[in-house]
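Chain residues, written in single-letter form:
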Amino acid sequence: MIAWGAFTSERPDLAEAGRGLLYQFGVGLAFLATTRADGAPRVHPMCPLVTEDGLYAFIVPSPKRNDLHRDGRYAMHSFPADENEDAFSLAGRARQVTDPALIAALALRYGDERDMREPPAALPTWEPFEFLIDSCLLTRTTKHGDDEPQHTTWHAPDAV
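Owing to the predicted nature of the structure, the values given are computational and were not obtained by experimental measurement.

Asker: Is there a simple way to think about the pattern of salt bridges in this case?
Answerer: Any two side chains of opposite charge can pair if their charged atoms end up close together. In this structure the tally under the stated criterion is 11 salt bridges. Of the charged contacts in the structure, one is a salt bridge between Glu 127 and Arg 65, with a shortest N-O distance of 3.7 Å. One end of the pair, Glu 127, is in strand 7 (residues 127–140); the other, Arg 65, is in helix 3 (residues 63–70), with 62 residues separating them in the sequence. Across the pair Arg 140 and Asp 86 runs a salt bridge, and its minimum N-O distance is 2.9 Å. Remark: Asp 86 occurs in the loop between strand 5 (73–78) and strand 6 (87–96) and Arg 140 occurs in strand 7; sequence separation between them is 54 residues. Within the structure, one salt-bridge network assembled from shared partners comprises Arg 42, Asp 67 and Arg 70.

Structure, rendered in structure tokens:
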């Protein structure tokens, strides 16, 4: 698995398209799938933060956060586009971010993306995670109901 920065270096075309789909509504929006303790999937909306180096998110106290602590496997999918069925999805493992300087930088970025003067008051209860990437799928279409969607897949190199 690799971080977003390495993914961008290896496949800049997919990273640029993926970032565009994750941020198509102005801020990062995606669905996050995690694995419940009983093995069943769980899906929640979330707000990814894409930086030059990483793919992150602040996760509020929730079952999905508990899932990430217990079993870091995830899948992330961009929100549906209005004009077509373009989509970007990722899968890999999440890990909690503990570096105070990085957490502070991510909090500033979160606020900047939302034109906030100060981070949300609840931010101290949110936990930052980095989402390492094992694979991705980019789908491009010309319209809703496109009979010939174009799929591009990528898998991380085995030795990382």
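Asker: How should the side chain of Glu 113 be read in this particular structure?
Answerer: Examined against the element boundaries, Glu 113 turns out to sit in helix 4 (residues 100–113). On the basis of relative accessible area, Glu 113 is assigned to the buried category, the value being 19%.

Asker: Teacher, can you tell me more about the pairing of strand 7 here?
Answerer: The two faces of a sheet get side chains in turn, since along a regular strand they alternate between them. Counting buried positions along strand 7 yields 11 of 14 residues, so the element is predominantly enclosed. Across 4 bridges, the pairing between strand 4 (residues 55–59) and strand 7 is antiparallel. Its bridge partner being in strand 7, Tyr 56 is matched across the sheet by Glu 130. Note: strand 6 against strand 7, 10 bridges, orientation antiparallel. Bridging from a neighbouring strand, Leu 90 pairs with Cys 136 of strand 7.

Asker: Sorry, what's going on with the packing of aromatic side chains here?
Answerer: Geometry of an aromatic ring pair is reported as the spacing of the ring centres plus the angle between the planes. The full count for this structure, using the stated rule, is 8 aromatic pairs. Between Trp 4 and Phe 88 the ring centres are 6.5 Å apart and the planes differ by 85 degrees, which places this aromatic pair in the edge-to-face class. Taken together, the residues Trp 4 in helix 1 (residues 4–10) and Phe 88 in strand 6 connect sequence positions 84 residues apart. The exposure class assigned to Phe 88 is buried, which follows from its relative accessible area of 1%. When the ring of Phe 58 is compared with that of Tyr 110, the centres are 6.2 Å apart and the planes differ by 85 degrees; the resulting orientation is edge-to-face. Taken together, the residues span a long stretch of sequence, with Phe 58 in strand 4 and Tyr 110 in helix 4 at a distance of 52 residues. An identical accessibility class is assigned to Phe 58 and Tyr 110; each is buried. The rings of Trp 4, Phe 7, Phe 88 and Trp 154 are connected pair by pair, giving a single aromatic cluster. The ring of Tyr 23 carries the charged tip of Arg 19 above its face, separated from the ring centre by 4.2 Å.

Rules of the game
- Residues numbered from 1 in each chain as written.
- Predicted model: local features only at pLDDT ≥ 70, side-chain atom pairs only at ≥ 80, totals over all residues.
- Heavy atoms only, no water.
- Salt bridge = Lys/Arg side-chain N within 4 Å of Asp/Glu carboxyl O.
- Helix = DSSP H or I, 4+ residues; strand = E, 2+ residues; numbered from the N terminus.
- Buried < 20%, exposed > 50% of the residue type's maximum accessible area, 1.4 Å probe, protein only.
- Pairing = 2+ DSSP bridges.
- Phe/Tyr/Trp six-rings, centres within 6.5 Å; stacked < 30°, edge-to-face > 60°.
- Lys NZ or Arg CZ within 6 Å of the ring centre and 35° of its normal.

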